[in-house]
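Take a look at the letters that make up each chain.
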Amino acid sequence: MAKAVGIDLGTTNSVIAIMEGGSPVVLENAEGERTTPSVVAFKGNEQLVGRVARRQAVLNAEGTVFEIKRFIGRRWDEVQEEVKRAPYKVVQGPDGGVRVDIAGKLYTPEEVSAMILRKLVDDASKKLGEKITKAVITVPAYFNNSQREATTNAGKIAGLDVLRIINEPTAAALAYGLDKKGDETVLVFDLGGGTFDVTVLEIGDGVFKVLSTAGDTRLGGSDMDQAIVTWLADEFKKESGGVDLRADRQALQRMIEAAEKAKMELSNLTETTISLPFIGLDPVSKTPLYLEKKLTRAKFEELIQPLLKRVRQPVEQALKDANLSAAQIQEVLLVGGATRVPAVQQIVKEVLGKEPNRTVNPDEVVALGAAVQAGVLTGSVEDVVLLDVTPLSLGVETKGSVSTVLIPRNTTVPTRRSETFTTADNNQPSVEIHVLQGERPMAGDNKSLGRFKLDGIPPMMAGMPQIEVTFDIDANGILHATAKEKSTGKEASITIQNTTTLSEQEIDRMVKEAEANAEADRKRRESADLKNSLDTARIQAERVMSEKQSTPEAKSRLEATIAKAHSLVNSDSSDAELRSATEELVSALQAYEQGVSASTTGGTGNSGQGGTGKPEDVIDADFKPAD
Ligand code: ADP
Ligand code: MG
């Protein structure tokens with residue numbers, strides 16, 4: 001079977017890994033880095049992904065998209081907080097979903113995520129010398145149905161066959177427990193850039209059984225950054241007599257970056273200084289404003305108190321749902337960059353009463369586990385069984401807007417449950433089944449996953465029809481629902497068609513667009529390479545000319561080709577023009593070299609030196625012209 005990779009598509013950073021000789025290994029990206037920032041930048045019709053995108057964020061705040069994972073699979077009315085915080089423009093889509101607006105062109109979060117996936121997979125394919133088409137992608141355990149489906153669709157748009165969606169903490173446990181003998185009860189504490197998951201598992205003899213999971217899909221390290229930004233901006237506003245730096249997208253982006261840097265420094269130091277020169281202009285004097293603030297670890301911990309409080313509850317909930325006391329947890333695995341914050345580690349110690357295990361790499365372990373699962377699904381890893389659970393209860397809306405649960409949270413998946421319902425009115429011809437996800441008793445407080453209708457119910461008194469509703473959760477944690485009227489056997493079913501879930505046609509269109517884009521990217525790169533080759537040849541020719549003299553005819557011919565190369569490199573030239581100009585230049589250079597011995601004047605410079613050998617050497621010279 002073909003090779004398959006594991007991908008940790010993180011809010012902040014993404015990692016790709018593969019099984020190699022029985023162990024999972026991380027695949028470096030083209031820049032040689034093991035993690036890739038989940039950032040996409042749009043510049044003209046070019047897209048940049050990763051470190052290069054992140055590096056230009058301040059100068060291109062509106063065209064740089066990060067933390068897209070906070071939007072994926074969510075409706076517009078669920079993300080108002082996030083919209084306010086983003087330095088790039090987020091708008092409501094025609095379907096009530098979310099779109100990123102880049103200079104008037106709208107992108108779905110799925111498409112932006114697909115760009116990140118494509119970069120990871122393309123780089124990894126190059127590294128492996130083999131095209132990757134299959135992947136296991138991880139999601140926070142606490143992701144709901146729409147978020148899981150949207151992530152699957154992002155994979156499809158990136159041209160991937162998504163073998164499985166698995167939960168990040170479960171993946172971490174899989175990597176950790178792969179070579180473990182004997183039984184262990186483990187708690188995975190995963191606090192990343194934007195999400196928080198707690199999962200309790202039992203590991204033994206290759207069986208990974210999740211007992212419970214809890215979390216918060218909107219809590220992470222960037223909320224800490226945000227707390228610092230709010231403090232900085234408020235202080236600055238006071239001190240500057242009313243200048244609100246948050247109103248300026250570029251200033252906001254600079255504050256976010258400075259806040260993150262300060263937060264990270266405070267993991268090792270007890271004090272740091274945030275310094276942002278030329279952050280704005282004084283409205284009265286029009287002189288530049290400076291922001292300089294000292295931040296101590298104590299002050300930082302005070303600023304993030306409300307966030308730290310929110311860390312405690314899911315841990316307690318997960319223990320309770322697993323029916324375990326803290327003392328029964330044998331190992332605590334810390335996953336995610338934000339677990340480096342000392343105050344977070346302190347809370348873990350307080351709640352669980354033990355030092356966390358330090359053997360796993362918090363940045364890489366999730367992708368490694370996803371690679372293990374990819375190995376399991378493609379047959380290269382044997383004797384590993386993964387039993388995960390559904391994080392949230394699933395039910396239907398019943399009379400009085402009540403949410404009636406069919407599958408309670410923390411049920412092992414895959415699973416299938418049926419329950420029989422009936423009608424509320426006499427001769428009711430149809431019922432609408434409203435599928436809900438969440439723990440609240442009233443329908444309106446839970447997440448609506450979608451509605452579907454079963455009609456053609458024969459005339460009967462209220463309470464007589466027997467309507468069997470069946471929920472199927474597959475191994476990806478995605479729900480399929482059916483309803484059947486028992487007397488006629490008539491059925492209706494859906495794979496949840498949420499308003500924010502893309503339709504097959506939309507996915508198809510996006511796949512094509514992404515492919516076209518990849519093709520355009522490839523062409524642009526090819527053109528750039530051709531220009532590079534031509535320019536390299538030109539530089540070589542100029543050097544040879546300055547070092548050696550040739551016949552006047554050879555000289556003027558070479559000069560003409562150099563001039564042409566110059567103008568082609570600096571304009572919009574076709575690939576054919578570039579190719580033929582390179583050929584002309586090389587042959588003119590050959591002629592020039594041949595004329596050197598014929599020339600009577602001899603060399604002016606170091607005629608014996610300079611690699612003036614075969615034309616291939618000139619073309620392949622491995623330096624690039626300065627730009
Ligand atoms: P995700 O899984 O969401 O992509 P990561 O696990 O990569 O996230 O964690 C990213 C978060 O961890 C960011 O908010 C980053 O600022 C934070 N982080 C990384 N290193 C440190 C550190 N040394 N101290 C504090 N926070 C850190
Ligand atoms: Mg993560």
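The structure we're discussing is the one just above.
The shown structure was predicted, so the numbers you read here are calculated from the model rather than taken from an experiment.

**A short note on the overall build of the protein**
Step number 1: Tallying secondary structure elements over the protein gives 15 helices and 28 strands in all.
Step number 2: On the principal axes, the C-alpha backbone points of the protein span a range of 110 × 65 × 60 Å.
Step number 3: Burial status across the protein gives 53% buried among its 627 residues.
Step number 4: Considering only intrachain contacts with a sequence separation of at least 6, the fraction spanning at least 24 residues in the protein is 67%.
Step number 5: The centroid of the 75 positive side-chain charges in the protein is displaced by 2 Å from the centroid of its 92 negative side-chain charges.

**Points about the nonpolar core**
Most often, soluble globular proteins have nonpolar side chains that are buried together.
Step number 1: In terms of nonpolar packing, the biggest core is built from 54 residues, with Leu187, Phe189 and Met255 touching the most fellow members.
Step number 2: The dominant element in this core, judged by the number of residues it contributes, is helix H6 (residues 221-240), at eight residues.
Step number 3: The next biggest cluster of nonpolar side chains, apart from the first, holds 47 residues, and it includes Ala86, Val90, Ala114 and Leu120.

**What to know about the sheet that holds strand S20 (residues 394-398)**
Step number 1: An order of S21-S20-S24-S25 is seen for the four strands of this open sheet, with the pairing classed as antiparallel. Edge positions in the open sheet fall to strand S21 (402-407) and strand S25 (447-454), since each of these has one partner strand only. Averaged over all pairs of adjacent strands, the angle between strand axes in this sheet comes to 30 degrees, irrespective of strand direction.
Step number 2: Of the pairings in the sheet, the one linking S20 to S21 comprises five bridges and is antiparallel in character. Paired with Leu394 across the strands is Ile407, a residue of S21.

**Focus: the packing of aromatic side chains**
Step number 1: Under the criterion given, the structure shown has five aromatic pairs.
Step number 2: Centre to centre, the rings of Phe71 and Tyr88 are 6.5 Å apart; their planes meet at 75 degrees, and the pair counts as edge-to-face. In this pair, Phe71 sits in the loop between strand S7 (64-66) and helix H2 (80-85) while Tyr88 sits in the loop between H2 and strand S8 (89-92), placing the two residues 17 residues apart along the sequence.
Step number 3: A network of ring pairs unites the aromatic residues Phe66, Phe71 and Tyr88 as a single cluster.
Step number 4: The lysine or arginine in question, Lys69, covers the ring of Phe143, its NZ or CZ lying 5.9 Å from the ring centre.

**Brief notes about the pairing of strand S9 (residues 98-102)**
Step number 1: For S9, the buried fraction is high: five of the five residues fall into the buried class.
Step number 2: Residues Val98, Val100 and Ile102 line one face of S9 and the alternating positions Arg99 and Asp101 line the opposite face, and both faces are buried.
Step number 3: Sheet topology note: the S8/S9 ladder contains four bridges and is antiparallel. By the bridge assignment, Val91 is partnered in S9 with Arg99.
Step number 4: In this sheet, strand S10 (residues 105-107) lies alongside S9 in antiparallel orientation, the contact comprising three bridges. Its bridge partner being in S10, Ile102 is matched across the sheet by Lys105.
Step number 5: Remark: two residues form the turn of the hairpin made by S9 and S10, two consecutive strands paired antiparallel; Ala103 in that turn has positive phi of roughly 45 degrees.

**Concerning the site of ligand 1**
Step number 1: The local shell around ligand 1 holds 18 residues, among which Thr12, Gly193, Glu260, Lys263 and Ser267 are the closest.
Step number 2: Contacts to ligand 1 include Thr11, whose backbone N or O atom sits 3.1 Å from an oxygen atom.
Step number 3: Between ligand 1 and Ser267 there is a distance of 2.6 Å, counted from a nitrogen atom to a side-chain nitrogen or oxygen.
Step number 4: In isolation ligand 1 has 580 Å² of accessible area, and contact with the protein removes 89% of it.
Step number 5: A total of three residues in the shell around ligand 1 trace back to one element, the largest contributor, which is helix H7 (residues 249-265).
Step number 6: Taken together, the residues that form the shell around ligand 1 break down as three nonpolar, twelve polar and three charged.

**Some remarks on the packing of helix H12 (residues 504-547) against helix H13 (residues 552-569)**
Step number 1: At their nearest, the axes of H12 and H13 sit 10 Å apart, and the two run at 145 degrees to each other. Considering how the two elements wind past one another, H12 and H13 form a crossing that is left-handed. Between H12 and H13, the residues in contact are Lys531, Leu534, Asp535, Arg538, Ala541, Glu542 and Met545 and Lys555, Leu558, Glu559, Ile562, Ala565, His566, Leu568 and Val569, respectively.
Step number 2: Considering only residue class, the contact of H12 with H13 consists of eight nonpolar, one polar and six charged.

**Some points on the sheet that holds strand S6 (residues 46-49)**
Step number 1: Read from one edge of the open sheet, three strands run S6-S5-S7, paired in antiparallel fashion. Looking at which strands have only one partner, the edges of the open sheet turn out to be S6 and S7. Averaged over neighbouring strand pairs, the angle between their axes works out to 20 degrees when direction is ignored.
Step number 2: Alignment of strand S5 (residues 39-43) against S6, held across four bridges, turns out to be antiparallel.

**Focus: the side chain of Asp123**
Step number 1: With respect to the helices and strands, the residue Asp123 is situated in helix H3 (residues 109-128).
Step number 2: Note on Asp123: relative accessible area 11%, which makes it buried.
Step number 3: Here Asp123 is in contact with Asn29, Ala30 and Glu31, once residues within four sequence places are set aside.

**Observations regarding the environment of Arg118**
Step number 1: Secondary-structure assignment places Arg118 in helix H3.
Step number 2: You can call Arg118 buried: its relative accessible area is 18%.
Step number 3: C-alpha separation for the pair Arg118 and Leu106, spaced twelve residues apart in sequence, amounts to 19 Å.
Step number 4: With near-sequence residues (within four places) excluded, Arg118 lies in contact with Ile157, Ala158, Gly159, Ala514, Glu515 and Ala518.

**Section: helix H5 (residues 168-177)**
Step number 1: H5 sits mainly inside the fold: nine of its ten residues count as buried.
Step number 2: Within H5, the full set of buried residues consists of Glu168, Pro169, Thr170, Ala171, Ala172, Ala173, Leu174, Tyr176 and Gly177.

**Some details on the pattern of salt bridges**
Step number 1: In the structure shown here, the tally under the stated rule is 44 salt bridges.
Step number 2: For Asp161, the salt bridge goes to Lys134, with nearest N and O atoms at 3.3 Å. Taken together, the residues Asp161 in strand S12 (residues 161-167) and Lys134 in strand S11 (residues 134-139) connect sequence positions 27 residues apart.
Step number 3: Looking at Asp161, the relative accessible area reads 37%, which means it is partly exposed.

**A closer look at H7**
Note that an α-helix has 3.6 residues per turn; residues three or four places apart therefore point the same way.
Step number 1: The end-to-end C-alpha separation of H7 is 24 Å, in line with the 24 Å expected for 17 residues at 1.5 Å each.
Step number 2: Three or more residues of H7 are buried, namely Ala251, Leu252, Gln253, Met255, Ile256, Ala258, Ala259, Glu260, Ala262 and Lys263.
Step number 3: The backbone nitrogen of Gln250 has a side-chain oxygen 3.0 Å away, supplied by the residue at the start of H7, namely Asp248.

Quick notes on the rules
Residues numbered from 1 in each chain as written. Chains lettered and ligands numbered in written order. Predicted model: local features only at pLDDT ≥ 70, side-chain atom pairs only at ≥ 80, totals over all residues. Heavy atoms only, no water. Helix = DSSP H or I, 4+ residues; strand = E, 2+ residues; numbered from the N terminus. Buried < 20%, exposed > 50% of the residue type's maximum accessible area, 1.4 Å probe, protein only. Contact = heavy atoms within 4.5 Å. Lys, Arg positive; Asp, Glu negative; His and termini not counted. Charge placed at Lys NZ, Arg CZ, Asp CG, Glu CD. Core = buried A, V, L, I, M, F, W, Y, C linked by side-chain atoms within 4.5 Å. Pairing = 2+ DSSP bridges. Axes fitted to C-alpha atoms, helices over the stretch in contact; angles between N-to-C directions. Phe/Tyr/Trp six-rings, centres within 6.5 Å; stacked < 30°, edge-to-face > 60°. Lys NZ or Arg CZ within 6 Å of the ring centre and 35° of its normal. Near = heavy atom within 4 Å. Polar contact = N/O pair within 3.5 Å; in protein donor to acceptor, adjacent residues only side chain to side chain. Areas by Shrake-Rupley, 256 points an atom, 1.4 Å probe, with all protein chains shown as cover. Nonpolar A, V, L, I, M, F, W, Y, C, P; charged D, E, K, R; others polar. Left-handed = near helix turned anticlockwise from the far one by under 90°. Salt bridge = Lys/Arg side-chain N within 4 Å of Asp/Glu carboxyl O. Expected span 1.5 Å × (residues − 1).

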